2 protein chains.
Amino acid sequence: MVVAKDSYSPDSNGIILSPITNSIINLDQGDPVVFEPYWKKRSDEYATVIKGNDLMSYMSNPSDVCWFMLPETKDAIKRIHSVVGNAEIEDKHIVVGTGSSQLFLAALFALCPSDSPQPINVVAQAPYYSEYQDQIRFLSSRLFQWDGDAALYDKNEPYIELVCSPNNPDGVIQEPVVKSEAKGKLIHDLAYYWPQYTPITHKADHDIMLFTFSKSTGHAGSRIGWALVKDVEVATKMTRFLQLSSIGVAKDSQTRFVKIIGALCDSYNNFGSAESELFFQYGKRRMRERWEKLRAAIEQSKIFTAANYPKAFCNFTNESSETYPGFAWLKGEEGIEDAKSYLRKLNILVREGNRFGAGQNHVRVTMLGPDDVFNELLARLSNAKRDVV
Amino acid sequence: MVVAKDSYSPDSNGIILSPITNSIINLDQGDPVVFEPYWKKRSDEYATVIKGNDLMSYMSNPSDVCWFMLPETKDAIKRIHSVVGNAEIEDKHIVVGTGSSQLFLAALFALCPSDSPQPINVVAQAPYYSEYQDQIRFLSSRLFQWDGDAALYDKNEPYIELVCSPNNPDGVIQEPVVKSEAKGKLIHDLAYYWPQYTPITHKADHDIMLFTFSKSTGHAGSRIGWALVKDVEVATKMTRFLQLSSIGVAKDSQTRFVKIIGALCDSYNNFGSAESELFFQYGKRRMRERWEKLRAAIEQSKIFTAANYPKAFCNFTNESSETYPGFAWLKGEEGIEDAKSYLRKLNILVREGNRFGAGQNHVRVTMLGPDDVFNELLARLSNAKRDVV
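A brief report on the enclosed structure follows. Quick caveat: nothing in here was measured; it's all calculated off a predicted structure.

1. Quick look at the overall build of chain A
Moving on, step 1. When helices and strands are tallied, chain A shows ten helices and 17 strands.
Moving on, step 2. In terms of C-alpha radius of gyration, chain A reaches 21 Å, essentially the compact-globule figure of 21 Å for 389 residues.
Moving on, step 3. Seen through its C-alpha atoms, chain A measures out along the principal axes to roughly 65 × 60 × 45 Å.
Moving on, step 4. Taking the intrachain contacts of chain A between residues at least 6 apart in sequence as the baseline, contacts between residues at least 24 apart amount to 74%.
Moving on, step 5. With the model as given, the accessible surface of chain A reaches about 14,400 Å², and the carbon-plus-sulfur share is 48%.
Moving on, step 6. The distance from the centre of the 43 positive side-chain charges to the centre of the 48 negative ones in chain A is 3 Å.

2. A look at the sheet that holds strand β14 (residues 327–332) of chain B
Residue and element names in this part refer to chain B.
Moving on, step 1. Strand order in this open sheet of four strands is β11-β14-β17-β16, and the pairing throughout is antiparallel. A strand with exactly one partner marks an edge of an open sheet, and here the two such strands are β11 (304–306) and β16 (351–352).
Moving on, step 2. Note: β14 against strand β17 (residues 362–366), five bridges, orientation antiparallel. Within β17, the residue paired with L330 across the bridge is V363.

3. Digging into the side chain of S141 of chain A
Moving on, step 1. Residue position: S141 of chain A is located in the loop between α4 (130–139) and β6 (144–149).
Moving on, step 2. Polar contacts involving the side chain of S141 of chain A include one to the main-chain amide nitrogen of L143 of chain A, which spans 2.9 Å.
Moving on, step 3. Not counting chain neighbours up to four residues away, the residues in contact with S141 of chain A comprise F109 of chain A together with L139, S140, S141 and R142 of chain B.

4. Here we look at the pairing of strand β9 (residues 208–212) of chain A
All names here are of chain A.
Moving on, step 1. Counting buried positions over the five residues of β9 gives five, a clear majority of the element.
Moving on, step 2. Pairing analysis gives two bridges linking strand β8 (residues 184–189) to β9, with the strands arranged parallel. Within β9, the position partnered with H188 by the bridge is M209.
Moving on, step 3. In this sheet, strand β10 (residues 224–229) lies alongside β9 in antiparallel orientation, the contact comprising five bridges. Across the sheet, the residue bridging to T212 is G225, located in β10.

Criteria and thresholds
- Chains are numbered independently. Their residues run from 1 in the order of the written sequence.
- Following the order in which they are written, the chains are lettered starting with A and the ligands numbered starting with 1.
- Thresholds applied to this predicted model are a pLDDT of at least 70 for local features of residues and 80 or more for the giving and counting of side-chain atom pairs; totals over whole chains, interfaces and linings are not thresholded and use all residues.
- Note that the side-chain values use all heavy atoms of the structure and ignore hydrogens as well as water.
- Secondary structure is summarised from DSSP: a helix means a run of H or I of at least four residues, a strand means a run of E of at least two, and numbering begins at the N terminus for each.
- We take the radius of gyration over the C-alpha atoms and set the globule estimate at 2.2 Å times the residue count to the 0.38 power.
- What makes two residues a contact is simply this: any of their non-hydrogen atoms within 4.5 Å.
- Accessibility throughout is a Shrake-Rupley quantity obtained with a 1.4 Å probe, and a residue counts as covered only by protein chains that appear here.
- As used throughout, the charge tally considers Lys and Arg to be positive and Asp and Glu to be negative, leaving His and the chain termini uncounted.
- Every charge is mapped onto a representative atom, which is NZ of Lys, CZ of Arg, CG of Asp or CD of Glu.
- Pairing between strands requires that DSSP locate at least two bridges from one strand to the other.
- In protein, a polar contact requires one atom able to donate a hydrogen and another able to accept it; more generally it is a pair of N or O atoms within 3.5 Å, and residues adjacent in sequence count only if both atoms are side-chain atoms.
- For the exposure calls, accessible area comes from a 1.4 Å probe over protein chains only, and a residue counts as buried if that area is under 20% of its type's maximum, exposed if over 50%, partly exposed in between.

Pasting the structure below:
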């Protein structure tokens, strides 16, 4: 694979590139910049000011399980779930992390006994988020190991099943699928369970639920994630992992999270707000527009198809609507066995199916990137021919 | 051990407590709030403003090895080392982390081959920073394992030696000590190699050097650390670890780091600045005063002693001076075999010698805490009697 000269490639599984380099457009990563115009228009209203002597201590609240979490962070998390209605928070402990990636690892360490005679198997239904296995394999832990597709799991050994819903990469609403009689534990990755992506049909209520600032409002650079955890022992061990990994979570980012989530909740609680001016309504409009344009583009060339999603009633927006996932999971039609290589010839970078435990006729394409990149994608897809030299 | 009721104790090796709870004073952790008054006086001058739409992307600079590091972060790191003269930066790659703790783990993963037939032994000369072994043991990696005191290492197996200088807990300037003929690699933890703690005698120049915002200016809550790394492959693998652990480092904190380090460097480059108003001079004055008071207090009761440090010429402050470590490493004199328990009876919490691979007649006491806690420590130490009921 050709990598643009001015870009840096750590290795073949972790390429980080600019959105556009010469004529190459990169839709591999899910950088959520699609929502940036909303925040740009409200740049000052949502500004955060941190004084020279603010937030200097490691400590935030020694009486909380998660001692490095600002009390205001906890309040903001409770408030946003109460406004959106996407998770049950009443009986939960909250742990803040450096993005939900760090919390995913924290949850694995918390669920695996340190004296286990063999590593616990970690599985997820294919197609599964490609980073799960990359994270687990890189760590090479004695405590857990990647074991692939949850739908195929039939060992009589303890396991952890990852349930990502709506699923990355394919946007499907997921339930646990392991049928084994062995003892299993669940981690629910709900990064995309927000109204701009999918109807909010119920308050999610699971043992461990992961959420992130990156995908809720688009503030990925702040690296704030949070876990809602039922069992205090699990929350405690997750906190211990975060203490030993990074002595907690950046308070500057926590403070910004508090400001933005607080003002966003205010806008919903203020009856004077015009609905079109509200963030999740804006976000949903953006996602729907992009999905309509993408479907039109692939319909024109008939090289790729994308699944349709069932409609459901959203308790938050009070309307019935489709899912508009953060990624398109495209299937190459007849003759397109290697969808990634096909798109590479059109100078389009995407993530290939086998990274997700699926066939190479599938690729994942971000729906969250900048407008110019997305529009260029539409142009290239709609003009695509079956034979590219 | 009695734990104050309003505090949370994750486990016996990771207790996080308030500085004062009822009459118990906590000098276990090294929370660097001693420098806070300096920043409070300059609260507005060093303020950071982040607009609603700033810093939203994961990406910072795709052409840098460390793609999530803001270019301004890199410039600030180069500039502070050039102002202070404590590290050679010319031939180094820079990797930013969520504190130096995360970079320590990143360095271990980067130095251990993923296909190694057995875990690499990690050692540090005793007394060593207690968190090294806690971090390594918690992770339970197949790639590396804790092997204790570097001075005793005599295996003919590959190893990594951690060199912390000035050393946490005892403030001693350290060199590598392993005598084995096996292949060894070094990680230098230079968190305390700043002018307020020790004379800057030379530009440190090693393969991997770790620094942190927490101990340089006292902004621990921001969780910003950085590594200066000679080998691009090592820097690349460290970056990959940070990508998989937390998809990079909070940009809000990076921005605040840039603001504070930039203004601090400006104050040194501006010839109008009064020396007494400069941060490192202030910090050194604070540390010297505390050390003089501590020495007077322990001299009065003669229960504990602290080592004396040789004087050296500091190239930065242009004067000869002692080391004023961030921790006091106190030795219980005759009859005080268990120094931690002795101090516990005085309602003083400290970290015990065996956590550092040393005897229980030693304890580590932070010199960086709030004034009221430090003054209470002085009062209790100076009035201490040999027999406490």
